[in-house]
Amino acid sequence: MVKKERNGKGMVAAGVVAVVCFGLLLGLFGRQAEARAEIVDRIVAVVNEDIITLSEFESSFNPYAEKIKAYGYPPDKEQELLFKLRENIINQMIDKQLTDQEIKRLSITVSDGELDNAIERIKEKNMMTDEDIRKRLGDEGITMKEYRDEMKEQILRAKLVEREVKAKIIITDEDLRAYFEKNKETFEGDTRYHLRNIIMKVPSYADEAEKNAVLDRMKKVVERLKDGEPFEEVAKNSSESSFAADGGDLGFFNKKDLTPQIQAALAKIKPGQYTEIIDTEQGHQIFFLEEVVSAQSRTMEEVRPLIEEKLYNEMMETRFKGWVSDLRKGSYIKIIN
């Protein structure tokens, strides 16, 4: 089947986005194609004046296809996944061709000095010497020339994105205020609980009778608490915790760090009260709520940097998709199945 488009630069290619981050190592297009020179090439896509060959496509497609096949999916599911993978890879390669063409059209270049500085920053960030990086590349079967060529391609793409997308993003005070008002709960601090506990552990090998015996012991602990015995005193002589000597004092916990099961149990009580028996992975537990420190809301100025970063990332993604889509609309693309 032949698919024709008078559009050009559709879905955001994951490979194009990745180039903005100076990744240390990326797979180089064409390496596997050279290793598979016995394949008789054919054209699988035309992108304006450029083509994508079968060997180029397979060098990207095959590693992922092998992983899908290794999972042992039913035949129908495997074929569905492989078809979707093929579609994604083709679109990513088309987007790469389109961005390469834009780099050439706009005469974007990278000097040797820029390339050297970028590699030096990577070495510093990863605390690597020149010898270290050459060894790492050698282990990956990559020469220094290949690595420099790949880094050059990444920098070119980063410059293209900076020029065509990033530089056109403007975030106003109105944008910040609207986002803050809409997402106030996101910027609230987390409620903190000061907890004590009593725990009786249930061995993983315990049968039903042994589990019931532990539960019966815990029920007797509850009776003591109901009779008015202080929680910390009961914890000292009944709990099987390393905190028993301190009256089961666990200290403070952020609400979000507690399991939904424990959060639900604590929601039913007030400070100075204890929960019902909770069957947890650690064993049967009772929690005593010593104190609750309520969440404190933060002002917009306090969270302004967070909002700016969030909005910038959202706008960047949206603008990038639109930009690539516009590239496609102005291009000739033909996919040959």
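About the thresholds
- Residues numbered from 1 in each chain as written.
- Predicted model: local features only at pLDDT ≥ 70, side-chain atom pairs only at ≥ 80, totals over all residues.
- Heavy atoms only, no water.
- Buried < 20%, exposed > 50% of the residue type's maximum accessible area, 1.4 Å probe, protein only.
- Helix = DSSP H or I, 4+ residues; strand = E, 2+ residues; numbered from the N terminus.
- Pairing = 2+ DSSP bridges.
- Core = buried A, V, L, I, M, F, W, Y, C linked by side-chain atoms within 4.5 Å.
- Salt bridge = Lys/Arg side-chain N within 4 Å of Asp/Glu carboxyl O.
- Contact = heavy atoms within 4.5 Å.

### With respect to the pairing of strand 8 (residues 333-336)
Burial along strand 8 is one-sided: Ile333 and Ile335 are buried, while Lys334 and Ile336, pointing the other way, are not. Pairing of strand 2 (residues 43-47) with strand 8, which is carried by 3 bridges, proceeds in the antiparallel orientation. Each bridged residue has a counterpart across the sheet, and for Val46 the counterpart in strand 8 is Lys334.

### Digging into the nonpolar core
Phe57, Ile94 and Tyr147 are the most contacted members of the largest nonpolar core, which has 45 residues in total. Of all elements in the fold, only strand 2, helix 3 (54-70), helix 4 (75-105), helix 5 (112-125), helix 6 (130-139), helix 7 (144-164), helix 12 (300-329) and strand 8 reach the threshold of two or more residues within this core. Here this core takes 8 residues from helix 4, the largest share from any one element. The next biggest cluster of nonpolar side chains, apart from the first, holds 12 residues, and it includes Met200, Val214, Val221 and Ile286.

### Considering the pattern of salt bridges
Under the criterion given, the structure shown has 27 salt bridges. Put simply, Asp130 and Lys123 hold a salt bridge, and the shortest N to O gap is 3.6 Å. Look at Lys123 and you get buried, because its relative accessible area is 9%. Here the salt bridges do not stand alone but share partners, grouping Lys96, Asp100, Glu153 and Arg157 into one network.

### A short note on the environment of Leu266
Position of Leu266 relative to the elements: it lies in helix 11 (residues 260-266). Residues Leu266 and Tyr193, 73 residues apart in the sequence, show an inter-C-alpha distance of 9.0 Å. Excluding its chain neighbours within four sequence positions, the residues that come into contact with Leu266 are Tyr193, Leu195, Leu258, Thr275 and Phe287.

### Regarding the sheet that holds strand 4 (residues 192-200)
The strands making up a sheet associate through hydrogen bonds between their backbones, and the pairing can be parallel or antiparallel. Pairing is antiparallel across the open sheet formed by 4 strands, whose spatial order is 5-4-7-6. Unpaired on one side and paired on the other, strand 5 (249-254) and strand 6 (278-279) mark the two borders of the sheet. In terms of strand pairing, strand 4 meets strand 5 through 5 bridges, oriented antiparallel. Note on strand 5: the bridge partner recorded for Arg192 is Asn254.

### Overview of the side chain of Ser59
The topology assignment puts Ser59 in helix 3. Residue classification places Ser59 among the buried positions, given a relative accessible area of 11%.

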